[in-house]
Amino acid sequence: EECVILARRFGETAGRLLGIPIYLYAEAAARPERRILADVRKGEYEALRDELGKNPAREPDFGPNTFNMKSGATAVGARKPLIAYNIYLKTTDVAVARKIAKAVRESSGGLPKVQALGLWIPERNMAQVSMNLLDYQTTGFKEVFKEVGKRAKKAEVEVAESELIGLVPRDAFAEVSPEQL
């Protein structure tokens, strides 16, 4: 709750002092349709340029409702730590990774609080399921690793390894050790 208050206070101050449109997201969102950052960013710079000041759905939470080509806009949020987690598959077929990613991501009916993409990683000559765990206490490593592994096996592909990108809260390893991943 404290972070929500701080995010909103910062957003109001930045919008006023810097004169840039500010959009609140995640727990700080003032509108339910802005909880997910990807929804706030939908259409990217070009949509913002074309719709700001014209489309009421694009009105910022703070700051001017006009477009500035130099500054664009800023999103300010309060959320639990995001964990970037990737699982490499022993295949060169990126379609397999995309199919698995679609099955495990929340927006397609998969695991709650998981965003996922299937990518080709040329440096590794492998496909990868690249994920953001938005709430590791809702869906943690163990469940994600198990689900991706199950779907890879069904596609007759092995999991090569997984990797974490960035820092991870210690309690994210409550159910599983780093070596198990």
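In case you missed it, the structure is sitting above this.
Thresholds, definitions, all that
Residues numbered from 1 in each chain as written. Predicted model: local features only at pLDDT ≥ 70, side-chain atom pairs only at ≥ 80, totals over all residues. Heavy atoms only, no water. Helix = DSSP H or I, 4+ residues; strand = E, 2+ residues; numbered from the N terminus. Buried < 20%, exposed > 50% of the residue type's maximum accessible area, 1.4 Å probe, protein only. Contact = heavy atoms within 4.5 Å. Areas by Shrake-Rupley, 256 points an atom, 1.4 Å probe, with all protein chains shown as cover. Lys, Arg positive; Asp, Glu negative; His and termini not counted. Charge placed at Lys NZ, Arg CZ, Asp CG, Glu CD. Core = buried A, V, L, I, M, F, W, Y, C linked by side-chain atoms within 4.5 Å. Salt bridge = Lys/Arg side-chain N within 4 Å of Asp/Glu carboxyl O. Axes fitted to C-alpha atoms, helices over the stretch in contact; angles between N-to-C directions. Parallel < 35°, antiparallel > 145°, perpendicular 65-115°, else oblique. Left-handed = near helix turned anticlockwise from the far one by under 90°. Nonpolar A, V, L, I, M, F, W, Y, C, P; charged D, E, K, R; others polar. Pairing = 2+ DSSP bridges.

## As for the overall build of the protein chain
The helix and strand inventory of the protein chain stands at five helices and six strands. In the protein chain, the succession of helices and strands from N to C terminus is α-β-α-α-β-β-α-β-β-α-β. Dimensions of the protein chain, computed from C-alpha atoms along their principal axes, come out at roughly 55 × 35 × 30 Å. Buried residues in the protein chain amount to 36% of all 181 residues. A sequence separation of at least 24 residues applies to 65% of the contacts in the protein chain between residues at least 6 apart. Total accessible area computed for the protein chain in this model is approximately 11,100 Å², and 52% of it derives from carbon and sulfur atoms. Taken together, the 28 basic and 25 acidic charged side chains of the protein chain have centroids lying 2 Å from each other.

## A short note on the nonpolar core
Counting residues in hydrophobic clusters, the biggest one holds 25 residues, and the most contacted among them are Tyr-85, Leu-89, Val-129, Met-131, Val-144 and Val-148. Within the residue set of this core, elements represented by two or more residues are β3 (83-89), α4 (94-104), β4 (114-121), β5 (126-133) and α5 (141-154). Among the elements that take part in this core, α4 stands out by supplying five residues, more than any other. Setting aside its immediate chain neighbours within four residues, Tyr-85 contacts Val-129, Ser-130, Met-131, Leu-133, Phe-141, Val-144, Phe-145, Ser-162, Glu-163, Leu-164 and Leu-181. Core analysis: the second largest hydrophobic core is formed by nine residues, Ala-14, Leu-24, Ala-28 and Val-76 among them.

## Quick notes on the pattern of salt bridges
On inspection of all chains with the given rule, the structure shows 10 salt bridges. Asp-61 is the salt-bridge partner of Arg-34, the closest N and O atoms lying 3.2 Å from each other. Of this pair, Arg-34 sits in the loop between β1 (22-26) and α2 (37-40) while Asp-61 sits in the loop between α3 (44-51) and β2 (74-78), and the two are 27 residues apart along the sequence. Two residues, Glu-147 and Arg-151, come together in a salt bridge whose shortest N-O distance is 2.8 Å. Of the two residues, Glu-147 and Arg-151 both sit in helix α5, four residues apart, roughly one turn of that helix. Glu-147 gets classed as buried once you look at its relative accessible area, which sits at 15%. Arg-151 gets classed as partly exposed once you look at its relative accessible area, which sits at 30%. Within the structure, one salt-bridge network assembled from shared partners comprises Glu-147, Lys-150 and Arg-151.

## A few points about the packing of α4 against α5
Contact geometry for α4 and α5: axes closest at 10 Å, N-to-C directions at 135°. Classified by the angle between their axes, α4 and α5 sit oblique to one another. In the packing of α4 onto α5, the handedness of the crossing is right-handed. Note on element contacts: α5 touches α4 through Glu-147, Val-148, Arg-151 and Ala-152, opposite Ile-100, Ala-103 and Val-104. Class assignment for the residues of the contact of α4 with α5 results in five nonpolar, no polar and two charged.

## Here we look at the pairing of β3
With seven of seven residues buried, β3 is to be regarded as a mostly interior element. Residues of β3 alternate between two faces, with Ile-83, Tyr-85, Ile-87 and Leu-89 on one and Ala-84, Asn-86 and Tyr-88 on the opposite face, all of them buried. Bridge count between β3 and β5: seven bridges; the pairing is antiparallel. Bridge pairing in β5 links Ile-87 to Val-129. Relative to strand β6 (residues 159-165), β3 is paired through six bridges, and the arrangement is antiparallel. In the strand pairing of β6, Ala-84 is matched with Ile-165.

## Overview of the sheet that holds β3
One open sheet accounts for four strands, arranged β4-β5-β3-β6; its pairing is antiparallel. Across the chains shown, the open sheet's two edge strands, defined by having one partner strand only, are β4 and β6. Strand-to-strand twist in this sheet, taken as the mean axis angle between neighbours without regard to direction, amounts to 20°. Sheet analysis places β4 next to β5, joined by eight bridges and oriented antiparallel. Opposite Ala-116, over in β5, you have Met-131 as the bridge partner. Set on the sheet, α4 makes contact with β3, β4 and β5; between it and β4 the angle comes to about 175°. The sheet strands contacting α5 are β3, β4, β5 and β6, and the helix crosses β3 at an angle near 25°.

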